[in-house]
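Take a look at the letters that make up each chain.
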Amino acid sequence: MQHYISVVERVDPVALDDARRLFEEYQRLLGEQMCSYTLPGEIASLPAPYERPTGVLLLARDESGEALGCVGVRQHMPQTCEIKRLFVRPDARGHGLGRALMRAALDHARVIGYIEARVITLPDSMVAALRLYRALGFREAEPPEDFDRTQDVPTLAFMSRRL
């Protein structure tokens, strides 16, 4: 499957609409497990918080222009970014697109100047994502200091890697 990855810019309404639809699909698939409080506001404000100079929002399309997946990079701490919202539509999975999006996100994070990248995943329901993160050099890490440990959420895996 041929795919193209591009940066979503605020001045591109088509790309923004496609990214919003992918984020909404991501939210529906996760259901109530995660993001139910913060994701609607994030969708409304796209491409923030994933825009330059401290972040980037990437969109993958097929050769016909259909949006297949996305991923965002945003600042977590001055030299650490968080890679979030990695999502590939179910019918586009199994062709290396998630890996390509993550590699592009890591490349952009390096260019921005980050020295560490973090991800959070649901190890029980996002087994493929966990496997991908490990294959790309992410290792288990402590939760960020600002993580609200009182939240009623399922088991989370916190991971990080040097860039």
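Residues numbered from 1 in each chain as written. Predicted model: local features only at pLDDT ≥ 70, side-chain atom pairs only at ≥ 80, totals over all residues. Heavy atoms only, no water.

Before going further, it helps to examine the overall build of the chain. Counting its regular elements, the chain contains four helices and seven strands. Going from N to C terminus, the chain has its helices and strands arranged as β-α-α-β-β-β-α-β-α-β-β. Burial status across the chain gives 44% buried among its 163 residues. Considering only intrachain contacts with a sequence separation of at least 6, the fraction spanning at least 24 residues in the chain is 63%. For the chain, the exposed surface amounts to about 8,700 Å²; the carbon and sulfur share of it is 50%. (Helix = DSSP H or I, 4+ residues; strand = E, 2+ residues; numbered from the N terminus. Buried < 20%, exposed > 50% of the residue type's maximum accessible area, 1.4 Å probe, protein only. Contact = heavy atoms within 4.5 Å. Areas by Shrake-Rupley, 256 points an atom, 1.4 Å probe, with all protein chains shown as cover.)

This brings us to the nonpolar core. Core analysis: the biggest nonpolar cluster contains 29 residues, and Val71, Val73, Ile83, Leu101, Met102, Tyr133 and Phe138 have the highest contact counts within it. Among the elements of the structure, β2 (56-62), β3 (67-77), β4 (80-88), α3 (97-112), β5 (116-121), α4 (127-135) and β7 (157-162) are those that each provide at least two residues to this core. Each residue touching Ile83, except ones within four places of it in the same chain, is listed here: Val71, Gly72, Val73, Met102, Ala105, Leu106, Ala117, Arg118, Val119 and Phe138. Counting residues in hydrophobic clusters, the runner-up holds 20 residues, among them Leu16, Leu39, Ile43 and Phe87. (Core = buried A, V, L, I, M, F, W, Y, C linked by side-chain atoms within 4.5 Å.)

This paragraph deals with the environment of Glu140. Structurally, Glu140 is set in strand β6 (residues 139-140). Owing to a relative accessible area of 49%, Glu140 belongs among the partly exposed residues under this scheme. Taking the C-alpha atoms as reference points, Glu140 and Ala157, 17 residues apart in sequence, are found 6.9 Å from one another. Aside from chain neighbours lying at most four places away, what touches Glu140 is Arg134, Phe158 and Met159. Polar side-chain contacts of Glu140 include one of 2.5 Å to the side chain of Arg134. (Polar contact = N/O pair within 3.5 Å; in protein donor to acceptor, adjacent residues only side chain to side chain.)

Our focus in this paragraph is the pairing of β5. In terms of residue burial, β5 counts as a mostly covered element, since five of its six residues are buried. Sheet topology places β4 next to β5; three bridges connect them, and they run parallel. Opposite Thr80, over in β5, you have Glu116 as the bridge partner. In terms of handedness, the path from β4 via α3 over to β5 forms a crossover that is right-handed. The pairing of β5 with β7 spans six bridges and is classified as antiparallel. Across the sheet, residue Glu116 finds its bridge partner in β7, namely Arg162. (Pairing = 2+ DSSP bridges. Right-handed = clockwise from strand over helix to strand, strands pointing away.)

This part covers the packing of aromatic side chains. Enumeration according to the criterion identifies three aromatic pairs in this entry. Between Phe23 and Tyr50, the ring centres sit 6.2 Å apart and the planes meet at 65 degrees, which makes this aromatic pair edge-to-face. With Phe23 in helix α1 (residues 13-30) and Tyr50 in the loop between α2 (39-45) and β2, this residue pair connects regions lying 27 residues apart in the sequence. (Phe/Tyr/Trp six-rings, centres within 6.5 Å; stacked < 30°, edge-to-face > 60°.)

All right, on to the packing of α3 against α4 then. Contact geometry of α3 with α4 gives a least axis separation of 11 Å together with a crossing angle of 45 degrees. With respect to their mutual orientation, α3 and α4 come out oblique. As for how α3 packs across α4, the hand of that crossing is right-handed. Along its contact with α3, which presents Gly98, Arg99 and Met102, the element α4 presents Leu132, Tyr133 and Ala135. Residues belonging to the contact of α3 with α4 are distributed by class as follows: four nonpolar, one polar and one charged. (Axes fitted to C-alpha atoms, helices over the stretch in contact; angles between N-to-C directions. Parallel < 35°, antiparallel > 145°, perpendicular 65-115°, else oblique. Left-handed = near helix turned anticlockwise from the far one by under 90°. Nonpolar A, V, L, I, M, F, W, Y, C, P; charged D, E, K, R; others polar.)

To continue, consider the sheet that holds β7. Taken together, the seven strands give an open sheet; going across it, the order is β1-β2-β3-β4-β5-β7-β6, and neighbouring strands pair in mixed fashion. If you trace the sheet from one side to the other, it starts and ends with β1 (3-7) and β6, each paired once. Here β3 pairs with β4 via seven bridges, running antiparallel. Paired with Gly72 across the strands is Lys84, a residue of β4. Against the sheet, α1 touches β2, β3 and β4, its axis set at about 90 degrees to β2. On the sheet, α3 packs against β1, β2, β3, β4, β5 and β7 and is oriented at approximately 160 degrees with respect to β4.

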